[in-house]
Amino acid sequence: MANGRYVKIGEEVITGLSSVKYLTLVSGSSVSHVMLTPLSKSVRYRFNASPDASTGHLIAADETIILTQDLDNVRFTETAASASLMVTYFGGPINGFES
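Residues numbered from 1 in each chain as written. Predicted model: local features only at pLDDT ≥ 70, side-chain atom pairs only at ≥ 80, totals over all residues. Heavy atoms only, no water.

Please provide a residue-by-residue account of the sheet that holds strand β8 (residues 84–91), values included.
By way of backbone hydrogen bonds, the strands of a sheet pair with one another, either parallel or antiparallel. An order of β1-β8-β3-β6 is seen for the 4 strands of this open sheet, with the pairing classed as antiparallel. The sheet is open, and its two borders are formed by β1 (7–14) and β6 (65–67), each paired with just one other strand. Averaged over all adjacent pairs, the angle separating strand axes in this sheet is 20°, with direction ignored. Direction of pairing for strand β3 (residues 31–39) relative to β8: antiparallel, over a ladder of 8 bridges. For Val31, the partnering residue across the bridge sits in β8 and is Gly91. (Pairing = 2+ DSSP bridges. Helix = DSSP H or I, 4+ residues; strand = E, 2+ residues; numbered from the N terminus. Axes fitted to C-alpha atoms, helices over the stretch in contact; angles between N-to-C directions.)

Give me unusual backbone geometry: which residues, what numbers.
Positive phi is not limited to glycine here, since Asp62 has a value of about 70°. When you line up the elements, Asp62 lands in the loop between β5 (57–59) and β6. The backbone phi angle of Ser82 is positive, close to 70°, even though this residue is not glycine. By secondary structure assignment, the location of Ser82 is in the loop between β7 (74–78) and β8. Assessed through its relative accessible area of 60%, Ser82 is described here as exposed. (Buried < 20%, exposed > 50% of the residue type's maximum accessible area, 1.4 Å probe, protein only.)

Go over the pairing of β3, please, and point to the residues and values.
Consecutive residues of a regular strand have side chains that alternate between opposite faces of the sheet. Bridge count between β3 and β6: 3 bridges; the pairing is antiparallel. Across the sheet, the residue bridging to Met35 is Ile66, located in β6.

Please set out the sheet that holds β7 residue by residue, giving values where relevant.
Strand order across the open sheet formed by 4 strands is β2-β7-β4-β5, with antiparallel pairing between neighbours. Each end of this open sheet is capped by a strand with a single partner; those strands are β2 (21–22) and β5. As defined by bridge partners, strand β4 (residues 43–47) adjoins β5 across 3 bridges and the pair is classed as antiparallel. Looking across to β5, one finds that Tyr45 is bridged to His57.

Here you go:
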């Protein structure tokens, strides 16, 4: 956190969700939480287990959720072909900022 605000430390669009995917920036970074938005098609996720098209927490297309826990173990998959997931990573302290 910098001056009471979270600092954006990266973003990505995860594609190829026909196979299970993990977050990629978490390892080795000071990530406190992520903001997730499926682009045009719904996505499912689970912690410590692989989701499929009908199993796991559902994030509807164009909705946004925030996850703060167990980010190294969350897994994603599509509910329909060609889904993608916009991910924004937040954290701190970073770049010399202190909490």
